[in-house]
Amino acid sequence: MNKYLFLVLLTLISACYYDVEEELYPNEICDTQEVSYSGFVKPVLEDNCLICHNSGSNMGNVTLEGIDNVRIYSANGRLLGAIKHEPGFSPMPQGNEKLSDCQITKIEAWINQGTMDN
Ligand code: HEC
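A.B. asks: Mind showing me how you'd approach the side chain of Thr63 here?
C.D. replies: Looking at where Thr63 falls in the secondary structure, it is placed in the loop between α4 (50-53) and α5 (67-75). By relative accessible area, Thr63 is classed as buried at 11%. At 2.8 Å, the side chain of Thr63 forms a polar contact with the side chain of Asn58. Once residues within four sequence positions are removed from consideration, Thr63 is found in contact with His53, Asn54, Ser55, Asn58, Asn69 and Tyr73.

A.B. asks: Is there a simple way to explain the site of the ligand in this structure?
C.D. replies: In the vicinity of the ligand lie 17 residues, with Cys49, Cys52, His53, Ser90 and Met92 positioned nearest. Within the side chain of His53, an N or O atom sits 2.7 Å from a nitrogen atom of the ligand. In this structure, an oxygen atom belonging to the ligand sits 2.5 Å away from a side-chain N or O atom of Ser90. The pocket occupied by the ligand, as judged from atoms lying within 2 Å of grid points, is the largest pocket. Mapped onto the shell around the ligand, the elements with two or more residues apiece are α4 and α6 (78-83). Broken down by element, the residue count for the shell around the ligand peaks at four residues, all from α6. Grouping the constituent residues of the shell around the ligand by class yields 11 nonpolar, five polar and one charged.

A.B. asks: Before we go on, may I ask you to explain the state of the cysteines in this structure?
C.D. replies: One covalent bond between the sulfur atoms of two cysteine residues makes up a disulfide. Under the defined criterion, the tally for this structure stands at one disulfide. Through a disulfide, Cys30 is tied to Cys102; the S-S separation comes to 2.1 Å. Residues Cys30 and Cys102 are joined through a disulfide that is right-handed, its torsion about the S-S bond being 90°. Placement of the pair is Cys30 in the loop between α2 (21-24) and α3 (37-48) and Cys102 in helix α7 (residues 101-112), with a sequence separation of 72 residues.

A.B. asks: Could you clarify how one ought to interpret the packing of aromatic side chains in this entry?
C.D. replies: Pairs of aromatic rings are described using the distance from one ring centre to the other and the angle between the two planes. Counted according to the given criterion, the structure contains one aromatic pair. Measuring from ring centre to ring centre gives 5.4 Å for Tyr37 and Trp110, while their planes differ by 25°; the resulting arrangement is stacked. You can see Tyr37 sitting in helix α3 and its partner Trp110 sitting in helix α7, a full 73 residues away along the chain. On the accessibility criterion, Tyr37 (6% relative accessible area) is buried. Cation over ring: Lys106 sits above Phe40, and NZ or CZ is 4.5 Å from the ring centre.

A.B. asks: I'm lost on the layout of surface pockets in this one. Help?
C.D. replies: Take a probe with the size of a water molecule and roll it over the atoms, and the empty space left behind shows itself. A volume near 480 Å³ is recorded for the largest pocket. Contributing elements (two or more residues each) for the lining of the largest pocket: α3, α4 and α6. Broken down by element, the lining of the largest pocket gets its largest block of residues, four residues, from α6. In the lining of the largest pocket, the residues fall into 13 nonpolar, seven polar and two charged.

A.B. asks: What is the right way to look at the pattern of salt bridges in this model?
C.D. replies: Two side chains with opposite charge may pair up if their charged atoms get near one another. A complete count under the given rule lists three salt bridges for this structure. The partner of Glu46 in a salt bridge is Lys42, and the shortest N-O contact between them spans 3.5 Å. Pair noted here: Glu46 and Lys42 are both in helix α3, with a separation of four residues, about one helical turn. What makes Glu46 partly exposed here is its relative accessible area of 42%. The salt bridge partner of Arg71 is Asp68, with a shortest N-O separation of 3.9 Å. With Arg71 and Asp68 both in helix α5 and three residues apart, this pair spans about one turn of that helix. For Asp68, a relative accessible area of 55% gives the class exposed.

Here is what the cut-offs are and how they apply
- Residues numbered from 1 in each chain as written.
- Predicted model: local features only at pLDDT ≥ 70, side-chain atom pairs only at ≥ 80, totals over all residues.
- Heavy atoms only, no water.
- Helix = DSSP H or I, 4+ residues; strand = E, 2+ residues; numbered from the N terminus.
- Buried < 20%, exposed > 50% of the residue type's maximum accessible area, 1.4 Å probe, protein only.
- Polar contact = N/O pair within 3.5 Å; in protein donor to acceptor, adjacent residues only side chain to side chain.
- Contact = heavy atoms within 4.5 Å.
- Near = heavy atom within 4 Å.
- 1 Å grid on protein atoms, 1.4 Å probe; cavity = no way out; pocket = protein on both sides within 12 Å on 5 of 7 lines; lining within 4 Å.
- Sits in = over half its atoms within 2 Å of the grid points.
- Nonpolar A, V, L, I, M, F, W, Y, C, P; charged D, E, K, R; others polar.
- Disulfide = S-S within 2.5 Å.
- Phe/Tyr/Trp six-rings, centres within 6.5 Å; stacked < 30°, edge-to-face > 60°.
- Lys NZ or Arg CZ within 6 Å of the ring centre and 35° of its normal.
- Points joined across faces, edges and corners; volume = space filled by probe spheres on them.
- Salt bridge = Lys/Arg side-chain N within 4 Å of Asp/Glu carboxyl O.

In structure tokens form, the structure reads like this:
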């Protein structure tokens, strides 16, 4: 079953069991409240991106090491464009699976919350 169909079915099923949705599908909840840089964004970048984008490797002339650099690519839209695989951006992480929807949603939330050093 493809992922899209699965999500549609899941939505239909959870609509029937609305009041116990959290108990049935705890993993479907993506918590975007006060996303932490040190606790979430930084480790995701370390695991998926820094091998090519630390200050030494600097592939594509892009460094994502240190919050100041991450803020540059957050502000100019290239970080989100790349991880969301939007047209006009190089899809990242290069040569690897797209980040999960929840990871992308949380990074976007962290950016919208003001790229806090939290
Ligand atoms: C295997 C190496 C590799 C990995 C892993 C990788 N990148 Fe890249 N990235 C590149 C290269 C090479 C370029 C420049 C060439 C290109 O754009 O395709 C690039 C370009 C970019 C750009 C500029 C894209 C644009 O269109 O302006 C951004 C932003 C970026 N990467 C972010 C990330 C993020 C975030 C991750 C992790 C989720 C990541 N990269 C993982 C190699 C990598």
